[in-house]
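Chain by chain, the residues run as shown.
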Amino acid sequence: MPLGERAGDKSESRYCGVETQFNDDMPHVLAFNLSHGSFDFVVAPLMDPAYRPSLMQKESGVSGVLPFAGSDLVLSPSQWSSHVVGKTSSWIDLDSEDEILRVDSEITLKQEIAWASHLSLQACLLPAPKGNSCANYARCVSQILQGLNSMQLWLRIPLVKTDNDTMDVNSSNLDDSWEIWNSFRLLCEHHSQLSVALDVLNSLPSANSLGRWFGESVRAAIISTDCFLTNARGYPCLSKRHQKLVSGFFNHSIQIVLSGEPVHSLPRINSDLAANNNDNNVDGVQKHPLRPYLDYVGYLYQRMDPLPEQERFELGYRDFLQSPLQPLMDNLEAQTYETFEKDTMKYIQYQRAICKALQDRVPDDKASSVTTVLMVVGAGRGPLVRASLQAAEETGRKLKVYAVEKNPNAVVTLHSLVKLEGWENIVSIISSDMRYWDAPEKADILVSELLGSFGDNELSPECLDGAQRLLKDDGISIPSSYTSFIQPVTASKLYNDVKSHKDVAHFETAYVVKLHNIARLAPPQPVFTFIHPNRSTDKSNNRYTKLQFGVSSDTGSAMIHGFAGYFDAVLYKEVHLGIEPSTSTPNMFSWFPIFFPLRTPISLHPGSSLEVHFWRCCRPSKVWYEWSVTSPSSSPIHNTNGRSYWVGL
């Protein structure tokens, strides 16, 4: 049964498995571990570990004999697919110098995975690579993956990291488990059906080193009973660091698998209690030997804070690639407006900024006699109009509002809103593109919400530069400035999702993504800044920035799949709005980060630096981005020109 229930959490991490020894009586294995032990699935060997192809051939004189396995009929198809993860033989060593062992390993691995696929298992666990080389192992797995159906292969990787964080940048350190994984997946060309099952040991690498794994395709964490300490009552528990790691696994949909023999001597429960507890065996004297460990994992899951309402709302968007909105070229739909209008925090910040601007614009002694002209450019269905009027009421200032909107469908709603609220004497609705409207007077305050995930990717600079003629020379623009930021990230899922399209165009596209299964490898750095009103004589808005990032030596080597982009905007004076992680506005969901993928992931060793180049290119009819890495190795210049993003100037 699931570890527990948290509001909105339907992730796979609610289910806990157990690693078992070989037993050809699979119905008993399931009954004992699922019904009796309350585990949700088993990680079980499907073949007799004593089987060796060379021995079978020698004894029978016939080649190609199948390994020993029970019939597929002993369980129903749904039981195989829902409750069993296959486990290939642990003796397999495809890079052994012993030719017989190497050949036996290759034959057996292919046979066992073929059998697991025949059973329609969702996943099969591969043994960890042995020794300092895994080339032949990866070659064989790569061949298997080419013909595999939807079944996942989990590569078992021990969670270790060398203490030598100052290794040469050109060296390969296979004492670091991440290096083992990285070497293996590179040889398999980042196949999307190849994932990781981390073997969690009783000692852990540094927190930064552990953080790398949350951007990788980790599907399971196998926790040995040897990891557990003993609490004051004699029951198993985990160290604070292990607890924090397990919570991280839960938050990233990584399933826990318990493994090993019980190492705690617990008191037997009395017969009366056993008779009334169906979790105990038929004799009524002892629970499943690993049940106390499962109970503790369930306790860790259940004590986690419930998902906030905003997180529950965003669950369906996690790591899902979306094309950015193009409000200048496209007219937004009602559903899009409705989603953004529910973002209360955003409009609270806008109202605060407008309040401060009104107070700076009109002193208290003139509040009743001076009317401020405020233009909402890109008014949509009116949320900024409402925020402006509420700010006027809060500050006691008189206001005249022009609501400028190019979308004729939104204008219809604006007219209904103005009539419903009785704003006819205050609000004038203008159905026009802000860049081409001839206003009857100039504005004291210009308000807009044209920001995109990257600050400028919805063409706020071009739109506001075009509307600047509507503003008095000493007028106020809200926002007054905004800056884009990027940071390198490990994002295996996003990379594989882009790669699945099998073309360059998707690698030269920027995506809006609710980032979740990623590892942030360095703090964000600023890229482009735009200030309004724009007093510069150069209005082309072309930009170029070169940035240097470095991975902490405590992190270890890492793989960079692309860059996460954010923005931070100054609405007015100290009122900020943004999604840059260190300064993000809390409880705001209007913007997800933007993701700039790399065609080829880049390995970065500790102590080396990452040199990144970003361009914002402008032409009369379009705006696009280009980006490239030049160190520690060079990538092609990725170019969004040619795709229909942000066109329509």
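Rules used throughout
- Residues numbered from 1 in each chain as written.
- Predicted model: local features only at pLDDT ≥ 70, side-chain atom pairs only at ≥ 80, totals over all residues.
- Heavy atoms only, no water.
- Domains from an automatic or database assignment.
- Helix = DSSP H or I, 4+ residues; strand = E, 2+ residues; numbered from the N terminus.
- Buried < 20%, exposed > 50% of the residue type's maximum accessible area, 1.4 Å probe, protein only.
- Contact = heavy atoms within 4.5 Å.
- Phe/Tyr/Trp six-rings, centres within 6.5 Å; stacked < 30°, edge-to-face > 60°.
- Lys NZ or Arg CZ within 6 Å of the ring centre and 35° of its normal.
- Pairing = 2+ DSSP bridges.
- Axes fitted to C-alpha atoms, helices over the stretch in contact; angles between N-to-C directions.
- UniProt positions renumbered as here; feature names shortened; annotations may be inferred.
- Core = buried A, V, L, I, M, F, W, Y, C linked by side-chain atoms within 4.5 Å.

A.B. asks: Honestly, the domain arrangement of the chain in this entry has me stumped. Any pointers?
C.D. replies: Note: interface size is frequently given as the accessible area lost on complex formation between the parts. Once the domains are mapped, the chain shows domain 1 (16–54 + 69–162 + 175–264 + 287–307), domain 2 (334–478) and domain 3 (481–648). Measuring from the centre of the C-alpha atoms in domain 1 to the corresponding centre in domain 2 gives 56 Å.

A.B. asks: I would appreciate a short explanation of the environment of Pro205 in the present structure.
C.D. replies: Tracing the backbone through its elements, the reader meets Pro205 in the loop between β6 (194–200) and α7 (207–211). Judged by its relative accessible area of 10%, Pro205 falls in the buried class. With 349 residues separating them in the primary sequence, Pro205 and Asp554 have C-alpha atoms 9.2 Å apart.

A.B. asks: Explain the side chain of Asp456 to me, please; I cannot follow it from the model alone.
C.D. replies: Within the fold, Asp456 resides in the loop between β14 (443–447) and α16 (460–467). Residue classification places Asp456 among the buried positions, given a relative accessible area of 1%. For Asp456, the residues in contact, after removing those within four places along its chain, are Pro461, Tyr482, Ser484, Phe528, Phe530, Arg616 and Tyr625.

A.B. asks: How do you make sense of unusual backbone geometry when you look at a structure like this?
C.D. replies: Glycine aside, a negative phi is what most residues show, and trans is what most peptide bonds show. Between Ile478 and Pro479 the backbone carries a cis peptide bond, its omega angle lying at 10 degrees. Cis rather than trans, the peptide bond between Ser631 and Pro632 has omega equal to 15 degrees. Checked against the element boundaries, Pro632 lands in the loop between β25 (622–631) and β26 (638–639). One non-glycine residue, Leu459, adopts positive backbone phi at about 70 degrees. Positionally, Leu459 belongs in the loop between β14 and α16. One non-glycine residue, Asn541, adopts positive backbone phi at about 65 degrees. With respect to the element layout, Asn541 can be found in the loop between β19 (525–531) and β20 (543–550).

A.B. asks: Explanation requested: the packing of aromatic side chains in the structure shown.
C.D. replies: Describing an aromatic ring pair means giving the distance of the ring centres and the angle of the ring planes. Taken as a whole and assessed by the stated rule, the structure comprises 23 aromatic pairs. Residues Phe313 and Phe589 carry aromatic rings whose centres are separated by 5.2 Å and whose planes lie at 50 degrees to one another, so their mutual orientation is tilted. One end of the pair, Phe313, is in helix α11 (residues 309–314); the other, Phe589, is in the loop between β22 (575–578) and β23 (594–604), and 276 residues separate them in sequence. Residue Phe313 is classed as partly exposed on the basis of its relative accessible area of 39%. Just above the ring of Trp91 sits the side chain of Arg52; from NZ or CZ to the centre is 3.8 Å. In this structure, Lys346 is placed above the aromatic ring of Trp591, and the distance from its NZ or CZ to the ring centre is 5.1 Å.

A.B. asks: Just to check I follow, could you spell out the sheet that holds strand β10 (residues 255–259) for this structure?
C.D. replies: The pairing of strands in a sheet comes from backbone hydrogen bonds and takes either a parallel or an antiparallel form. One closed barrel holds the eight strands; their spatial order is β1-β2-β3-β4-β5-β6-β7-β10, and the pairing between them is parallel. Going from strand to strand, the sheet's axes swing by 30 degrees on average, the running direction of each strand aside. Judged from the three bridges that link them, strand β1 (residues 16–19) and strand β2 (residues 41–45) form a sheet pairing that is parallel. Across the sheet, residue Gly17 finds its bridge partner in β2, namely Phe41. Where helix α6 (residues 177–187) meets the sheet, its contacts fall on β5 (152–158) and β6, and the angle it forms with β5 comes to roughly 150 degrees.

A.B. asks: Would you mind going over the UniProt feature "binding site: S-adenosyl-L-methionine" (unreviewed entry) in the chain with me for this structure?
C.D. replies: Per the UniProt record, "binding site: S-adenosyl-L-methionine" (unreviewed entry) is annotated on Tyr337, Lys346, Tyr347, Glu405, Asp433 and Met434. These annotated residues cover 98 residues of sequence, and their C-alpha atoms sit far apart, with the largest distance between any two at 23.6 Å. If you trace the backbone, Lys346 turns up in helix α13 (residues 344–361). For Lys346, a relative accessible area of 2% corresponds to the buried category. Summarising the element assignment, Tyr347 is placed in helix α13. For Tyr347, a relative accessible area of 10% translates into the label buried. When residues no more than four places from it in sequence are discounted, the contact partners of Tyr347 are Phe340, Glu341, Pro383, Leu384, Ala387 and Glu449.

A.B. asks: How should the nonpolar core be read in this particular structure?
C.D. replies: Note that soluble globular proteins tend to have their nonpolar side chains buried in a common cluster. In this structure, Ile478 and Phe614 are the most contacted members of the largest nonpolar core, which totals 101 residues. At nine residues, strand β21 (residues 558–572) tops the list of elements feeding residues into this core. Structurally, this core is a two-domain feature, drawing no fewer than three residues from each of domain 2 (334–478) and domain 3 (481–648). Contacts of Ile478, omitting those with residues within four sequence positions, involve Tyr350, Ala353, Ile354, Ala357, Ile445, Leu446, Val447, Ser448, Leu571 and Tyr572. Listed in part, the 74 residues of the second largest apolar core include Cys140, Ile180, Leu210 and Ile256.

A.B. asks: Explain the environment of Val498 here, please?
C.D. replies: Residue position: Val498 is located in helix α17 (residues 492–499). Classification of Val498 by relative accessible area gives buried; the value is 0%. Through-space distance from the C-alpha of Val498 to that of Thr509 is 9.2 Å; in sequence the pair is eleven residues apart. Filtering out sequence-adjacent residues up to four positions away, Val498 remains in contact with Leu321, His506, Phe507 and Tyr511.

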